[in-house]
Amino acid sequence: MFLNLKKFFNLIKNLKIELIPKKSNILVVTDDINYLLIKKLLPRDTHYIGFPEKVNLLILIYSILGKKLSSHLSLNYLINYIKFSKPKLIINLYDNYIHFYELKKYFKDKKFISIQNGYRGGPNDIFYSFKNKNKNKKYLADTIFCFNEIVGKEFKKYIKCETINIGSFRNNFFKLKKVDNSNKVLIFISSYAPYKKKDFFYKSKNFNILFDDFFLSDQLIFRSCQEYCLKKNIQLLILLRSNDYDEKNFYEKNKIIKIKFLERKSEFSSYDYLNKYNYFVGTENTLTYEALARNRRVAVFAIRKKMLSRVKKTINNELNFYWPGKMNQTGNYWTHNINKKEFSKILDFVLNSTEKEWKKEIMKLDDNYRINFDQNNEIFNSLIEKYLHDKS
């Protein structure tokens with residue numbers, strides 16, 4: 001309750017008020033930070049909507065007091081905003097916002113595009129909602145830009161749409177640079193998110209997952225990496241997800257060697273670190289896949305499912321490596337097994353294999369799973385141009 005109140009007051013404190021909805025050719029559904037990126041690619045006749053962080057008073061009042069097409073305020077707000085601003089093209093950077101895929105049925109003459117903004121999988125994910133909460137609804141979009149083909153195929157199971165593989169839209173903005181392979185520093189990609197004791201990562205009628213249980217795998221992997229680095233005399237750095245005190249404290253409490261944090265200097269500083277270092281350890285988080293797309297060497301320990309089973313929390317395979325694909329239980333640079341000998345063998349391969357050996361291993365990956373790197377999002381740009389000049 002306290003955390004919810006804190007979030008509410010922070011929302012009120014940072015709330016942006018808009019009086020009159022702007023008419024524009026393109027409307028982007030996103031937040032301030034991601035709009036800074038995407039607006040570089042779009043014409044000046046573009047506006048964005050960031051409900052509830054950014055509120056148009058006229059639209060909000062109309063959505064509350066006027067005719068309601070949905071029981072969801074956020075969906076009514078979007079419908080009314082589109083009616084007033086009259087865009088030709090609506091772009092969504094919250095691909096896991098399920099109500100976006102209901103908009104097309106109200107505006108059949110407009111184009112609706114969604115962009116995958118993180119790797120998918122797990123009980124809090126949009127596909128879990130499709131399977132368990134919204135089985136009878138019909139969802140529509142014109143195009144969804146996806147990380148890879150296998151995720152695109154999963155979207156098509158639930159949404160009538162075209163999918164295009166572009167890799168990570170955000171990752172594509174940052175130029176790819178060569179790094180020094182001889183700099184044997186190991187970077188641990190943090191998945192940690194601050195939480196209160198006894199908070200739930202996921203809660204439903206069927207089962208619950210505490211954050212304490214969810215991050216058991218991170219503790220074990222972090223411990224194993226420290227033991228490996230101590231034995232091999234390698235420096236271990238923690239690439240933080242945030243600069244929150246609780247995140248740093250999580251690693252300080254679990255450290256057995258001297259560690260150093262790579263601070264978040266901006267919302268996009270993670271990509272600076274991906275351009276600076278070559279050797280990483282990751283779980284099933286988005287940055288792990290983005291590092292692989294940038295040809296970085298990554299040891300992937302996707303053990304969260306098995307760690308949760310140890311505390312009697314049974315989930316499906318959505319947290320496995322390259323889900324919804326079906327990878328082997330272990331390979332030269334990944335494993336789903338809780339086995340410290342396997343961890344060490346994988347770290348040896350990541351750090352010590354030749355460039356030829358590493359490339360040969362990466363090329364074994366099924367093309368449907370591969371996450372490409374599309375510098376400056378050229379594929380996205382081409383489709384936007386096509387849609388804007390389409391007279392139909």
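Described in the following lines is the structure provided in the data block. Remember, predicted model here, so these are calculated numbers, not experimental data. (Residues numbered from 1 in each chain as written. Predicted model: local features only at pLDDT ≥ 70, side-chain atom pairs only at ≥ 80, totals over all residues. Heavy atoms only, no water.)

Side note on the pairing of strand β3 (residues 46-49)
Side chains T46 and Y48 of β3 all project onto a buried face; the interleaved residues H47 and I49 project onto the opposite face, where all are buried too. Relative to β3, strand β2 (residues 26-29) runs parallel, the two sharing 4 bridges. Looking at β3, one finds that I26 is bridged to T46. (Buried < 20%, exposed > 50% of the residue type's maximum accessible area, 1.4 Å probe, protein only. Helix = DSSP H or I, 4+ residues; strand = E, 2+ residues; numbered from the N terminus. Pairing = 2+ DSSP bridges.)

What to know about the packing of aromatic side chains
Aromatic ring pairs are reported here in terms of the distance separating the ring centres and the angle at which the planes meet. In the structure shown here, the tally under the stated rule is 42 aromatic pairs. Considering the side-chain rings of Y77 and Y81, the 6.1 Å spacing of their centres and the 40 degrees angle between planes classify their relative orientation as tilted. Within this pair, Y77 and its partner Y81 are both found in helix α4 (residues 73-85), separated by 4 residues, close to a single helical turn. Note on Y77: relative accessible area 0%, which makes it buried. Since its relative accessible area comes to 1%, Y81 is described here as buried. Relative to Y251, the ring of F250 has its centre 5.0 Å away and its plane inclined at 85 degrees; by these criteria the two rings are edge-to-face. Classification of F250 by relative accessible area gives buried; the value is 6%. (Phe/Tyr/Trp six-rings, centres within 6.5 Å; stacked < 30°, edge-to-face > 60°.)

Concerning the sheet that holds strand β8 (residues 159-165)
Read across the sheet, 6 strands follow the order β3-β2-β5-β6-β7-β8 without closing on themselves; strand pairing throughout is parallel. Pairing within the sheet leaves two strands with one partner each, and these edge strands are β3 and β8. Neighbour-to-neighbour, the strand axes of the sheet open up by a mean angle of 25 degrees, direction not taken into account. Strand direction decides the pairing type here: strand β6 (residues 111-115) and strand β7 (residues 139-146), joined by 3 bridges, are parallel. Bridge pairing in β7 places S114 opposite I144. Along the sheet face, helix α15 (residues 378-388) touches β2, β5 (89-92), β6, β7 and β8 and points at about 140 degrees away from the line of β7. (Axes fitted to C-alpha atoms, helices over the stretch in contact; angles between N-to-C directions. Contact = heavy atoms within 4.5 Å.)

Purely geometric stuff here, so don't read any function into it on its own.
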